[in-house]
Structures are given as C-alpha cells and as structure tokens.
Amino acid sequence: MSARRIFTRPARLAAIAPYVWMALFFLVPFAFVVKISLSQAAIAQPPYMPVVMLADGWRGLVAAFGALSLDNFRLLASDDLYLLAGLRSLTVAATATALLLLIGYPVAYAMARLPRRWQPVAMTLVIVPFWTSFLIRVYAWINILQHDGLLNKILLALHVVSAPVVWLATDRAMYLGLVYSYLPFMILPLYATLARLDPALLEAAGDLGSSPRQAFWLVTVPLSLPGIGAGVLLCFIPIVGEFVIPDLLAGSDSMMVGQALWLEFFTNRDWPVASATAVLLLAILLLPLLVYDRFQRRQMRRS
Amino acid sequence: MADAIPTPAVEAVSHGGPLLRIEQVVKRFGNVAAVDGLSLDIKAGEFFALLGPSGCGKTTLLRMLAGFEAPDAGRILLDGVDIAPMLPHQRPVNMMFQSYALFPHLSVAGNIAFGLKRAGMPRREIGQRVAEMVALVRLEGLETRKPDQLSGGQRQRVALARALARRPRVLLLDEPLGALDRKLRESTQRELLDLQRRLGLTFVVVTHDQDEAMTMADRIGVMNAGRLEQVATPRHLYEEPVSRWIAGFVGDVNMFDGKVARRDGGRFAVAVPGVGLLNATPPRDPAGVEAVSVAIRPEKVRLSRRPPVADVADASINRLEGVVRDIGYLGGASLYTVALDGDAATLRASVANTARLDADAFPVGQRIAAWFSADDCVVLER
Amino acid sequence: MTAAPLARVSRFNIAALALGLAFLYLPIVILVIYSFNASQLVTVWGGWSLRWYVEFFNDRAMLNATFMSLRVAAVSATLATVLGTLAAVALTRGEGFRGRTLFSGMLYAPLVMPEVITGLSLLLLFVALGAERGFWTVTVAHTTLTMCFVTVIVQSRLGALDRGLEEAAMDLGCDPLRAFLSVTLPLIAPAIAAGWMLAFTLSLDDLVIASFTTGPGATTLPIRIYSEVRLGVKPEINAICSLIVGSIAILIVAASMASKLSSGRGGNAAPM
C-alpha cells in the first residue's frame, strides 16, 4: 500500500469518465469513417441513413458487410486528383516544417540563452499568439498580403517593386501562413530541451578545444534532437491535413488532401468519397502518428 | 492532554516491552527484496538511527513505519497493536520528510496547523499549539511567511514543528539534515537532540551520514541489502563490529586476512600470510570459524622509530615493521601508510598531531616500527 | 578565455528573438489598427473611427453567431476541464492500469490529428446515433478536442508536484481524497484554470470541426467569419477579430494578475 498504491485506486477510477468519453467520441468514429468509405454512394447519401441498423440484428450486419465495396478507393486511385493532393500535402508539410525548424531554432535558442528571469516572459510572448484565433491570424495576413495591402504599399514606397506583386493565392502566401500559425508549436518544444541544456556542457566542449561553432554542432544540436523531433511532429502531422490555410491563402490550381476532403463533403456531398479521402489521409499519417505516440510515451516515462 | 490522536494503551511500555516492534518484515519491489525479513525493537524515548548505504532499504523501512508502504510479510507493532494494515492517516506516528514537503500554498502557521485541523482540534487549542510549536523551533515572527520565503534551516524547522505538532508516539525523520550545509548541520544536530531529550519523544532517523548517527543516536541499526547487520550503541558499533562489512562501513579499518593458528580461551593467534602471527583478544569469538580477519583501527596503531622495549614474547602486543610510504595530513591527525616488510600488506596508522612539530615526525621512506595491542584487535569471520 | 562568451546572449540571438516576436505580433497589431479605420476601403486609411464596431453590434447574424460560440466554448471548456483533469490524475497517479497505453494514445492523438478527420468522423458518429445536429453536437466535439489540451497542461503540473506533499498530508491525518482536495487541488488550480482558458479559446477559435458537426441554426462565429472572409476582406471582420483578440488579451492579463494576487495575498494572510 505504497503512497502510490494508496492513490492508485481512486486515480484509476478517475480514468473511467474520460476513457469512456474518448473511446466513444474519438475511437469509435473512426470505425464509421472506414465503414462509410466502403459504402456505395447510394446508401450513404443524405438524407442521412443510420449507418448500422441495429434493429436488423445479425442479418443486418451481414447485409451491411455484403454491401461494402472498394469502389470509392478505386475512384481515388483512378483520379489523379487525389494522388496529387496526397503528394502535395506531403511536400507542403515537409517544406513548411523545414522552414519552421529553420526559423524556430534560432528563436528558441535565443530564448534559452536569455537571463533566467526573462525566459518566462519570452515564453509567454511566444504562447500568447497561440491563444488568439487561428482564423484571425490567417485573416490578418490576408489584410497585409492583398493586392493593395500594406506589404505592396511599403514595397512600392521603397521602390523595391514598380508594380504591386501578387501575394495572395500563391504558395508563398500559404507557406507564410503555415509558418506563422505553427511557429509556437515549433519553438516551445525546442525551447524546452534547449533550456534544460547544462551550459557547463558547452564550457566543457570549449575547454576540450571546440570553437563555439563546433560546440553548437557537436553538443547543442545532438542534445536538442528530442526537441527537434517533437517540434517536427507537432507541425508536420497537422499540416499534412491542413485545410484553412491553403484554402484561404494558396491558389486554387492545386489541392491538399484536407481540401479534397472538404470539397467532397461540403461541395459534392459525397460522403463515401470524403470518408475514403479521410482514410487515405490517415494512412499517410499512420507512420508519423506512430512515431509521435512512441515519442509521447518516452517523454512521459522520463517525467 | 489535548492530544487529538487516540493514543493506544500505554501500559505496554510500562511493562518494559518495546514501544515499536518490527517483526520479520519483508518488502519486495518486483524481484528485489528492499527489506528482507527484518526484526527490530525500539524503546520508548529512544533516539534510534537507521544507518546504511543508499539502496540498503532504510528509507523503505521508514516508509513502512509511516504507512506509505505496506509490508509483504511481517508485523509492525506499536504499543502492541499491529499498525501494518493501517493507512498513514490512521497512525499515531508522524514523519519529517527529506524534501520537507512543506505545503507551498500555506503559511508557516498553516503548515503547522494542518495536522491539528485534520484531527478536529478546536480552533483555540490549534492557535495555542501552533504558538507553542513556533516557539519550540524558534520561528517567532515568521508565522505568516510562505515556505518559499524561508531559508533552508528555517524550512527544516517548520517541517520539524509540523511533524511534532500532533505529538506523535514516534517521530520518523528521513535524512533530516541532508539538505543543510555542514556548519548548520552541526548546530541543528545539537538542537534536534536537545529537543528529543526535552520532549522525551521517540525518534527514528534515517541517515547515510555515520557521523550524524554517531553523534545523535542512542542506538544505531546498520542496514545492508535489506537486513540489519548490527544494532548497537555508537560505541559498540565502532569498537566491536560484528562483521567485516560493518568494520569497513563504520570508520576506517586495517584488515588482515588469515587463519586461526591457536585458540586459547579468548586469546587468538592468527597466521597472516606475509605478515606473520597476529595476537588478538577480541570482544567476540567467531566460534568454529578458521578463516578470519583481524581488524584494527588506524588510531589504535602506534608508530615509533625503534621497536618498543617491551618483552618480545609478550603476546599482548603485535609488532610489525616497515617503511613509511605516504603521509596524509588531516590537521588534527596525520594518516600514515606503512608498507610492511615483505611487501605483503600495508598498514594505516593515524597519529594525533599533538605538537606543531610532530606533523612530520616520520618522513616518507623512514623505517618504522608499528605496534598495536591485542586487546584492540577484533577478529571477524571472513 | 573565460566561459562568458559561450554562455551569454549574442547580438545574433537578440536579433533572432526580436524578429521572431515581431513576426508573431505585427500582423495582429496591424489588424487591430485597421479595425479603427473610418474608410470603407480596407486598405485606405481614412482616420480613426469606431464605425465598424458599431456595425458589428448592429449585425444580428454576427451577434447570434458570437453568442452561440461563447455558449459552446463555456460549456465545452467546463466539460473538458473536468474530464481532462480526471484524465491527468489517472495518467500521473494511476500507475500502469489495463488499457493505459490506449488511454494515453487517445488523449495525445487529437493534439496533432488533422481537424478534417476528427470533424468528419464525429459527424458520422452523430449521424449514426441519430443525434440532432446543433449546439450539443458542436459542444461534444469541442469537448473531445480540448480535453486533450487540458490533460496535457494539468498532467505536466501534476507530474512536477512533489509526491511527498500528498504523503505529508496523509501523514498529518488526511485520507487520500482529503489529501487530494486540500493539498493537490489548490496546487494544480492554476494549471486547471489555464486549461479551462485554453479550452475556451480553442473552442472559440475552431472552424473545421464546428463546420462538420454543426447543424442549422447553430452557426458559430468562426463559421460566420470564414464565409465572410472567403468573399474578401471586410472592415467589420477586422473589428470582430480585434474584439476577440482584445478579450483574450484581457482574459490572459486578468488571469496572470489573479494568480499573482492570490500568491501575494497568501503571503500576508492571517496565520491560518
């Protein structure tokens, strides 16, 4: 009956409500996504039919299984659109994540080097934008980037350009929006590992003959790998499925998977294909998600 | 007495039985037995120290007394009542935590009053008791401070006052002075001892610092690998260790491994290869064992340039010769390492620097005679 | 050479930090400034004015969406805080229990799961259950998402807490529940409050999941804003966004002042 065990039983009871909630509202719905993705459009079209007719009992279930088909996935495979959307999602996410790392690392590094009492202030400053609406932050950029927006005005006034540049509805704008929106997710895990780094390690590296630059590459970077991993995963995974930013900032000539799903669902009202797209997206993210899960668990064991 | 905790019958003590009896207690973590069939009696009013290297199970034992761990087997009797099945809040013992575990959201007074409120003591009495405790640990004027506004020494005293406020039958202290610096530790040792004497309380202290245990405790239980190696007063522990491990763990010791050559009542002659016969009249006889070690403390070895004039046949003195190899100057004493003739062994001798010029009485390389009394030797099973 | 150059902030560090923060804040500052623009054209500065704020307070549809969002956010944040705190307690104090791996997986996955997937899957569940879509479906969906954030925040605070504190409380006469209520809960209260606020703002902010799970008559503010933004920049939207940013800023400042005040007051409080 260690203190642990004294608390263990009530603590386990505490798990029941959130456990049931998450199982019902997070886990079980995936089954429906898979089920609908295998359904014929006719059955699953609105007005919405119940997905499983429990009243029909076992025979209903058998019938339901009989009705499953891979048609939607055949459609996905036959139309370039989805394949290209998948590829584009991956390249956009990879590029944006690389940019985020490139920009986020120096900021996190600088934060970790601030005098101790300034570090919480800097951290708050990085977190606060995360509290303001995502949509608003994207919208703020539309304000700045539009044809006669602030950016073009400044560029014209400085005679950097002679005619207004098209910023909106380009990949440039999308990357800007992605970097802007996800920067705190990159900075915070990086900062967390860098702040834990013992400065004596760098002094030791210097003492053993490394220049500050060598010490950075040989000591700081390897030791901050967990932070890099966490930051990369926290940005890469959601960006692959991003919808709002590419929808509002990128051009309409190419789509990401999230946009394809949105289009199928809201515009075409084709739920089975939307679900199949969701399954495709999940499949793309399966590996990164598993890595992320292992990461989290290792992190938890350490703490 | 406004003791809020129901005190079990006190007669057990008057019968002369122990206040706390630990019987064959076992605690396993996985396959490792942290406490392995340990039995121990602690008397009322005693200052008892559990001493041992880290990982020996002493903290686990203390936590079982507090109720944070339940023994897998055995009983823990307090005044004759088995408290092993009781939860921590049901036991009339209190603990002072190594980290102090002061509640950061409560003031000094709030921390001290915490346990009294739980016991349902009336407000007025709580106020009195808190004031009394604050005075006891000399924290007057700091009642409204939060723990993070206190120095390390002050926190230590709040933790002590909080644990004492409920007038526990036994106070458990987990490395109570571990977080203090050396100077403060010495003065706090005296205070703690003084407090325990004045209140007549039973203290069980866990420590890894043998000086601390020696200075404060009435008795010391030395633990190793989940078992008690020896339970004794500090003096007995040092002068009459029962095992090689104890002799080496408590203080410094020279150890000569050999075979019993002659056994005559309490007198031993032990043949040590490369050294010769060593005479010993130990306090304890490792009966029936031939492979033994002769242990002698460095401060009991005397050095001189020439061998003592005493009768060479006198079996009460051991005489060895060698060359000074190294001198460790420690201020009050110097520790000489002597390479014994035949290069079979070295001997450490601690010599008090009683005069300023003594410090380098025997330079390195000096041929020297080392001698020690058979009465000062301890013979231990190997 | 001393170690100082290695351990100190360089000019490059300062520049990186300043640029990073400027990048994060400038767009929002510009947005707020333009919300006070008197001009009909978003891009032409026509002097200071509160005109667009007045416009917003006369826009019934926008106001309805705002109230809907506030209601959803308040209810879902409260539910999420209760569930998330329970989950955090279970994860930090429950040791290894059966299904713990799945439990923690279910709590961490939504943090990175693309919202389109979460939204679509929840919608399909609601349809299958035959639930009428509207206020409650959005609220349940937001609770599911935001409780994971609450869990992470509360869990990190609980994990950092000295276990000795709970033991000390029990040693001083508390049963486990009392020990939790009188010692643990006050100490993790700031994290719980922060969790609630984060859940509230995340719910207020969400477009994608709300779009999937909402029904007729339950349009939230982000859905409304999004449909306007798709048609181009409107000064009124600037005003709404500034109001949201302002209220969140006030909330954060108030929260940090409250936490400072409570710790300060505790220091001078009466002995008990």
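Since the model is a prediction, treat every value here as computed from it, not as a measurement.

K.L.:
What is the right way to look at the overall build of chain A in this model?
P.N.:
The helix and strand tally for chain A stands at 15 helices and zero strands. Across the 303 residues in chain A, those meeting the buried criterion constitute 44%. Restricting to contacts in chain A with at least 6 residues of sequence separation, those with at least 24 account for 74%.

K.L.:
Which parts of the structure should I look at to understand the domain arrangement of chain B?
P.N.:
The accessible area lost on association of the parts is a frequent measure of interface size. Splitting chain B by domain gives domain 1 (11-239) and domain 2 (252-381). Relative placement of domain 1 of chain B and domain 2 of chain B: their C-alpha centres are 40 Å apart.

K.L.:
Any chance you could explain the packing of helix 9 (residues 171-196) of chain A against helix 12 (residues 225-240) of chain A here in plain terms?
P.N.:
Two quantities define a packed helix pair, namely the angle between the axes and the distance from one axis to the other. Residue and element names in this part refer to chain A. Two numbers describe how helix 9 lies on helix 12: the axes approach to 7 Å, and their chain directions differ by 155°. Relative to helix 12, helix 9 is oriented roughly antiparallel. Here the hand of the crossing between helix 9 and helix 12 comes out right-handed. Along the contact surface, helix 9 presents Leu 178, Tyr 182, Phe 185, Met 186, Pro 189, Leu 190, Ala 192, Thr 193 and Leu 194, while helix 12 presents Pro 226, Gly 227, Ile 228, Ala 230, Gly 231, Leu 234, Cys 235 and Ile 239.

K.L.:
I keep staring at the pairing of strand 6 (residues 93-96) of chain B and nothing clicks. Help me out?
P.N.:
Along any regular strand, the residues point their side chains to alternate faces of the sheet. Residues and elements named next belong to chain B. Across the two faces of strand 6 the burial is the same, with Val 93 and Met 95 and Asn 94 and Met 96 all buried. Bridge count between strand 6 and strand 7 (residues 170-174): four bridges; the pairing is parallel. Each residue of the ladder has a partner; that of Val 93, found in strand 7, is Val 170.

K.L.:
What should I look at first to understand the interface of chain C and chain A in this one?
P.N.:
With 76 residues of chain C at the contact, the number on the chain A side is 90 residues. The leading source of residues in the side of chain C that touches chain A is helix 2 (residues 11-35) of chain C, at 14 residues. A breakdown of the residues in the side of chain C that touches chain A according to their chemical character gives 59 nonpolar, eleven polar and six charged.

K.L.:
Help me understand the pairing of strand 11 (residues 254-264) of chain B, please; the structure alone is not making it clear to me.
P.N.:
All names here are of chain B. The sheet contact formed by strand 11 and strand 14 (residues 291-296) spans six bridges and is antiparallel. Bridge pairing in strand 14 places Phe 256 opposite Val 294. Bridge count between strand 11 and strand 12 (residues 267-272): five bridges; the pairing is antiparallel. When the bridges of strand 12 are listed, Arg 263 appears paired with Phe 268.

K.L.:
What is the right way to read the sheet that holds strand 18 (residues 346-352) of chain B from this model?
P.N.:
In sheet architecture, strand pairing relies on hydrogen bonds along the backbone and comes in two forms, parallel and antiparallel. Residue and element names in this part refer to chain B. A sheet is described by the order of its strands in space; here five strands give the open sequence 15-19-16-17-18, paired in antiparallel fashion. At either margin of the open sheet sits one strand with a lone partner, and together these are strand 15 (302-304) and strand 18. When strand polarity is set aside, the average angle formed by the axes of neighbouring strands in this sheet is 45°. Direction of pairing for strand 17 (residues 333-340) relative to strand 18: antiparallel, over a ladder of seven bridges. Bridging across to strand 18, Ala 333 finds its partner in Ala 352.

K.L.:
What's the story with the packing of helix 7 (residues 134-145) of chain A against helix 2 of chain C in this structure? I'm lost.
P.N.:
At a minimum axis distance of 9 Å, the contact between helix 7 of chain A and helix 2 of chain C shows a crossing angle of 70°. In terms of their interaxial angle, helix 7 of chain A and helix 2 of chain C are classed as roughly perpendicular. Between helix 7 of chain A and helix 2 of chain C, the residues in contact are Arg 137, Ala 140, Trp 141, Asn 143 and Ile 144 of chain A and Pro 27, Ile 28, Ile 30, Leu 31 and Tyr 34 of chain C, respectively. In terms of residue class, the contact of helix 7 of chain A with helix 2 of chain C is made up of eight nonpolar, one polar and one charged.

K.L.:
Help me understand the sheet that holds strand 10 (residues 227-232) of chain B in this model?
P.N.:
Residues and elements named next belong to chain B. Taken in spatial order, the six strands line up as 6-7-8-3-9-10 in an open sheet, and their pairing is mixed. Lying at the two open borders of the sheet, with one neighbouring strand each, are strand 6 and strand 10. The mean angle between the axes of side-by-side strands here comes to 20°, regardless of whether they run parallel or antiparallel. Here strand 9 (residues 219-224) pairs with strand 10 via five bridges, running antiparallel.

K.L.:
I tried to follow helix 2 (residues 58-66) of chain B on my own but got confused; where do I start?
P.N.:
Along an α-helix, residues three or four positions apart point the same way, because every turn accommodates 3.6 residues. Residues and elements named next belong to chain B. Counting buried positions over the nine residues of helix 2 gives nine, a clear majority of the element. For helix 2, the set of buried residues is Lys 58, Thr 59, Thr 60, Leu 61, Leu 62, Arg 63, Met 64, Leu 65 and Ala 66. Two residues or fewer after helix 2 comes Gly 67, characterised by a positive phi angle close to 105°.

K.L.:
What is the right way to look at the nonpolar core in this model?
P.N.:
Across soluble globular proteins, nonpolar side chains have a tendency to be buried as a group. Of all hydrophobic cores here, the largest spans 281 residues; its most connected members are Leu 172 and Val 294 of chain B together with Leu 120 of chain C. Looking at which domains feed residues into this core, each of domain 1 (11-239) and domain 2 (252-381) of chain B supplies at least three. Excluding residues within four positions of it along the chain, Leu 120 of chain C makes contact with Val 33, Leu 261, Phe 265, Ala 274, Ser 275 and Ala 278 of chain A together with Phe 212 of chain C.

K.L.:
What is the right way to look at the confidence of the model for chain B in this model?
P.N.:
For residues with low pLDDT, the predicted coordinates do not support detailed interpretation. Residue and element names in this part refer to chain B. This prediction gives chain B a mean pLDDT of 88; 94% of its residues lie at or above 70. For chain B, the element scoring lowest by mean pLDDT is helix 1 (residues 11-14), at 40; strand 3 (residues 47-51) scores highest, at 96. Taken together, the stretch residues 1-15 has pLDDT below 50 and engages in 24 contacts with residues farther than four places along the chain or on a different chain. Our summary of model confidence lists the complex with pTM equal to 0.82 and ipTM equal to 0.85.

K.L.:
Would you mind going over the environment of Thr 214 of chain C with me for this structure?
P.N.:
Residue and element names in this part refer to chain C. Here Thr 214 is to be found in the loop between helix 10 (208-213) and helix 11 (221-229). Taking the C-alpha atoms as reference points, Thr 214 and Gly 134, separated by 80 residues in sequence, lie 4.9 Å from one another. Once you skip the residues sitting within four places of it in the chain, Thr 214 turns out to touch Arg 133, Gly 134, Val 138, Thr 219, Thr 220 and Ile 223.

K.L.:
Would you mind going over unusual backbone geometry with me for this structure?
P.N.:
Trans peptide bonds make up most of the peptide bonds, and negative phi angles are found at most residues other than glycine. Residues and elements named next belong to chain B. Despite not being glycine, Asp 79 shows a phi value in the positive range, around 55°. By secondary structure assignment, the location of Asp 79 is in the loop between strand 4 (73-78) and strand 5 (81-82). Positive phi outside glycine occurs at Glu 175, with the angle close to 40°. Take Glu 175: it is sitting in the loop between strand 7 and helix 6 (182-199). Residue classification places Glu 175 among the partly exposed residues on the basis of 19 C-beta atoms within 10 Å.

K.L.:
How should the confidence of the model for chain A be read in this particular structure?
P.N.:
Looking at chain A, pLDDT values average 83 and 87% of them are 70 or higher. Across residues 47-51 of chain A, confidence stays below pLDDT 50; counting only partners more than four residues off in sequence or on other chains, it has eleven contacts.

K.L.:
Hey, could you run me through the environment of Phe 26 of chain A in this one?
P.N.:
Residue position: Phe 26 of chain A is located in helix 1 (residues 3-37). If we skip the residues at most four places from it in the chain, Phe 26 of chain A touches Met 106, Pro 110 and Thr 144 of chain C.

K.L.:
Looking at this structure, I do not really get the environment of Trp 245 of chain B. What am I missing?
P.N.:
Residues and elements named next belong to chain B. Within the fold, Trp 245 resides in helix 9 (residues 244-249). The class of Trp 245 is partly exposed, set by 15 C-beta atoms lying within 10 Å. Here the alpha-carbon distance between Trp 245 and Gln 149, two residues 96 residues apart in the chain, equals 44 Å.

Parameters at a glance
The residue numbers shown here count from 1 along each chain, following its written sequence. To label them, take the chains in the order written and letter them from A, then take the ligands in the order written and number them from 1. The predicted nature of this model means local features are confined to residues of pLDDT at least 70 and side-chain atom pairs, given and counted, to a pLDDT of 80 or more, with totals for whole chains, interfaces and linings taken over all residues. Comment: elements are numbered from the N terminus, with helices defined as DSSP H or I runs of at least four residues and strands as E runs of at least two. For the exposure call, what matters is how many other C-beta atoms sit within 10 Å of a residue's own: 20 or more marks it buried, 12 or fewer exposed, and in between partly exposed, using C-beta atoms placed from the backbone. C-beta atoms are first placed from the backbone for all residues, and any pair lying within 7 Å is then listed as a contact. The split into domains, and so the bounds of each, comes from an automatic or database assignment of domains. Geometry is summarised by axes, namely lines fitted to C-alpha atoms with helices restricted to the contacting stretch, and by angles between N-to-C directions that run from 0 to 180 degrees. Roughly parallel means an angle under 35 degrees; roughly antiparallel, over 145; roughly perpendicular, 65 to 115; everything else is oblique. Crossings are sorted by hand: turned counterclockwise from the far helix by less than a right angle, the near helix makes the crossing left-handed, and turned clockwise it makes it right-handed. Strands are labelled as partners when DSSP assigns at least two bridges between them. Throughout, the ten residues Ala, Val, Leu, Ile, Met, Phe, Trp, Tyr, Cys and Pro are labelled nonpolar, Asp, Glu, Lys and Arg are labelled charged, and all others, Gly among them, are labelled polar. As used here, a nonpolar core is made of buried Ala, Val, Leu, Ile, Met, Phe, Trp, Tyr and Cys residues. They are joined through C-beta atoms within 7 Å. For every residue, the predictor states its confidence as a pLDDT score lying anywhere from 0 to 100.

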